Amino acid sequence: MGDVMRTMQQPSLAALVGQTAFMPDSDVSESICLEIEGLSKSFGAFVALNTIDLTIYEGEFVCFLGPSGCGKTTLLRAIAGLEPQSSGRIVQMGKEISHLPPQQRDFGIVFQSYALFPNLTIADNIAYGLRNQGHSRQALQARVHELMCLIGLEGSEKKYPAQLSGGQQQRVALARALATKPGLLLLDEPLSALDAQVRVHLRQQIKALQKTLGVTTVMVTHDQEEALTMADRIVVMNHGVIEQIGTPEEVYRHPKSAFVAQFVGNMNFLSAEVCSPTAVMLGAQRYTTQPHAFENKRPVHLAIRPEEVVLTSSGQADSQLEARVIHIEYLGAFLRLTCDVTSADIQLRVDIQHADAVQHQIQLGKDVHLALPAASCRVFRQDGN
Ligand SMILES: Nc1ncnc2c1ncn2[C@@H]1O[C@H](COP(=O)(O)OP(=O)(O)O)[C@@H](O)[C@H]1O
Ligand SMILES: [Mg+2]
């Protein structure tokens, strides 16, 4: 267990992104932990969840990602039995739990507000769920010590929650949730109350801890970066339905809808008209795109991410757009240009490296040539989906 903190502190954010996004994850098993079938939930006439189907595998880290009010918490609470579904089934480890009360379900939960007991010491907070389980005093102490080491707070046993920082309190809440070794860890926006630096640090710690323990985890978040860096798979939700389920890379590289495309990452949407199964017209110019199923003449959006637009020298590639730089945003690691396309009434955001900015002498008012690589040109319908 001593190794855990060391592993927890080591990986850089970049390494974590790499791990989750681009390598098949061998820690996730083929066995199903949780099966959600046709789950719906209404509050009066309002449909908060509409026929949700979702399978979660043992050892997986799954994020529910979507805008505020899309039903993430409602779905998490249904899994916990805190908000009974209106219809549908939930099966955990082969056993139907749809109608079991929370205390008969096998999960630990952490909320946004740490919700620690202010009048109990850290040790007593962590031991809370272990009481009345017939452990000896010694066994209880040993388990609490083990958990304190796991979250890197050994020595703080006798402190009270108010004496800890927000990040430390949330680690205690995590230890409390894990104390009984639940089969499922549920996290509802556990990082959103913390400031930016603590948040980034703690998401690495939670991710490393989850991998070490192998506990199947579902985390609710509205923060795309959090989901991209932490999840094995992301469930993108909108208005009570699932828009897409996929690995971070699938969701980012191959968004299935315009909603997913713009909610996860940045995306330019350009009005266009279909002219073949692999091309659209942007004004008078033809652009080759990813294959799509829209009929000829249909108005669509050509979608391309700012970092996929290529800055070229004049006359270098086909399908060039002539544009003028009208805004430059400095974003630390890269620059985001807003470009006015000369031949059409459109603007394009373009992310470029500093070296490219220097090479192309980028400045306000500069005329540039932009290429839209076919492999990055996605086609979506114009009415949102
Ligand atoms: N107890 C409730 N009574 C009525 N409406 C609710 C209740 N709980 C949630 N809702 C509504 O259901 C929708 C989804 O809520 P929630 O699951 O909390 O969203 P999220 O966690 O994605 O922000 C929201 O429109 C919310 O107002
Ligand atoms: Mg919520």
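Computed from a predicted model, the values in this text were never measured in an experiment. (Residues numbered from 1 in each chain as written. Chains lettered and ligands numbered in written order. Predicted model: local features only at pLDDT ≥ 70, side-chain atom pairs only at ≥ 80, totals over all residues. Heavy atoms only, no water.)

Concerning the overall build of the protein
Move 1: Assigned secondary structure in the protein consists of 11 helices and 20 strands.
Move 2: Buried positions account for 49% of the 385 residues belonging to the protein.
Move 3: Within the protein, counting contacts between residues at least 6 apart in sequence, those at least 24 apart form 67% of the total.
Move 4: Accessible surface, the protein: about 18200 Å² in total, of which carbon and sulfur atoms supply 50%.
Move 5: Across the protein, the mean location of the 32 positive side-chain charges is 5 Å away from that of the 39 negative side-chain charges. (Helix = DSSP H or I, 4+ residues; strand = E, 2+ residues; numbered from the N terminus. Buried < 20%, exposed > 50% of the residue type's maximum accessible area, 1.4 Å probe, protein only. Contact = heavy atoms within 4.5 Å. Areas by Shrake-Rupley, 256 points an atom, 1.4 Å probe, with all protein chains shown as cover. Lys, Arg positive; Asp, Glu negative; His and termini not counted. Charge placed at Lys NZ, Arg CZ, Asp CG, Glu CD.)

As for the environment of Leu-39
Move 1: Its location among the elements puts Leu-39 in strand S1 (residues 32-43).
Move 2: Each C-alpha atom, one on Leu-39 and one on Glu-60, is 21 Å from the other, the two residues being 21 residues apart in sequence.
Move 3: Residues within four places of Leu-39 in sequence aside, it is in contact with Leu-49, Asn-50, Thr-51, Ile-52, Leu-75, Ala-78, Gln-85, Ser-87, Gly-88, Arg-89 and Ile-90.

Some thoughts on the environment of His-222
Move 1: Following the sequence through the fold, His-222 ends up in the loop between strand S8 (216-221) and helix H8 (224-230).
Move 2: Separated by 156 residues in sequence, His-222 and Gly-66 have C-alpha atoms that sit 5.2 Å apart.
Move 3: Ignoring sequence-local partners within four residues, the contact set of His-222 consists of Leu-65, Gly-66, Lys-72, Glu-189, Ser-192 and Phe-263.
Move 4: Among the polar contacts listed, one links the side chain of His-222 to the side chain of Glu-189, at a separation of 2.9 Å. (Polar contact = N/O pair within 3.5 Å; in protein donor to acceptor, adjacent residues only side chain to side chain.)

A closer look at the side chain of Gln-244
Move 1: Looking at where Gln-244 falls in the secondary structure, it is placed in strand S10 (residues 241-246).
Move 2: By relative accessible area, which is 5% here, Gln-244 ends up buried.
Move 3: Of note is the side chain of Gln-244, whose polar atom sits 2.7 Å from the backbone nitrogen of Lys-256.

So, the UniProt feature "domain: ABC transporter" (unreviewed entry) in the protein
Move 1: Within this structure's numbering, the places UniProt gives as "domain: ABC transporter" (unreviewed entry) are residues 34-264.
Move 2: When the span residues 34-264 is considered, its composition is 34% helix and 26% strand, and the gap between its end C-alpha atoms is 25 Å. (UniProt positions renumbered as here; feature names shortened; annotations may be inferred.)

Some remarks on the site of ligand 1
Move 1: Surrounding ligand 1, one finds Phe-43, Phe-46, Ala-48, Pro-67, Ser-68, Gly-69, Cys-70, Gly-71, Lys-72, Thr-73 and Thr-74.
Move 2: Take Thr-73: an N or O atom from its side chain is 2.8 Å from an oxygen atom of ligand 1.
Move 3: Those elements giving two or more residues to the shell around ligand 1 turn out to be strand S2 (46-57) and helix H3 (72-80).
Move 4: At 3 residues, H3 tops the list of elements feeding residues into the shell around ligand 1.
Move 5: Residues belonging to the shell around ligand 1 are distributed by class as follows: 5 nonpolar, 5 polar and 1 charged. (Near = heavy atom within 4 Å. Nonpolar A, V, L, I, M, F, W, Y, C, P; charged D, E, K, R; others polar.)

Some words on the confidence of the model for the protein
Move 1: Averaged over all residues, the pLDDT of the protein equals 90, while 91% of them reach at least 70.
Move 2: Across residues 1-24, where pLDDT falls below 50, the model places 37 contacts with residues more than four positions away in sequence or in other chains. (pLDDT = per-residue confidence, 0-100.)

Remarks on the pairing of strand S11 (residues 268-276)
Each regular strand displays side chains that alternate between the two surfaces of the sheet.
Move 1: As judged from the 6 bridges shared by S11 and strand S14 (residues 299-304), these two strands associate in the antiparallel manner. If you follow Asn-268 over to S14, its bridge partner there is Ile-304. (Pairing = 2+ DSSP bridges.)

With respect to the pattern of salt bridges
Move 1: For the structure on display, the rule yields 14 salt bridges.
Move 2: A salt bridge links Arg-77 to Glu-83, with the nearest nitrogen and oxygen atoms 3.6 Å apart.
Move 3: Arg-336 is the partner of Asp-351 in a salt bridge, and the nearest nitrogen-oxygen pair spans 2.7 Å. In this pair, Asp-351 is assigned in strand S18 (residues 347-352) and Arg-336 in strand S17 (residues 335-341), connecting sequence segments 15 residues apart. When sorted by exposure, Asp-351 lands in the same class as Arg-336, which is buried.
Move 4: Residues joined in a network through salt bridges with shared partners are Glu-37, Arg-89 and Glu-96. (Salt bridge = Lys/Arg side-chain N within 4 Å of Asp/Glu carboxyl O.)

Side note on the sheet that holds S2
Backbone hydrogen bonds are what pair the strands of a sheet, in a parallel or an antiparallel way.
Move 1: With antiparallel pairing, 4 strands are arranged side by side in an open sheet as S2-S1-S4-S5. At either margin of the open sheet sits one strand with a lone partner, and together these are S2 and strand S5 (95-96).
Move 2: Across 8 bridges, the pairing between S1 and S2 is antiparallel. Note that in S2 the partner of Leu-39 across the bridge is Ile-52.

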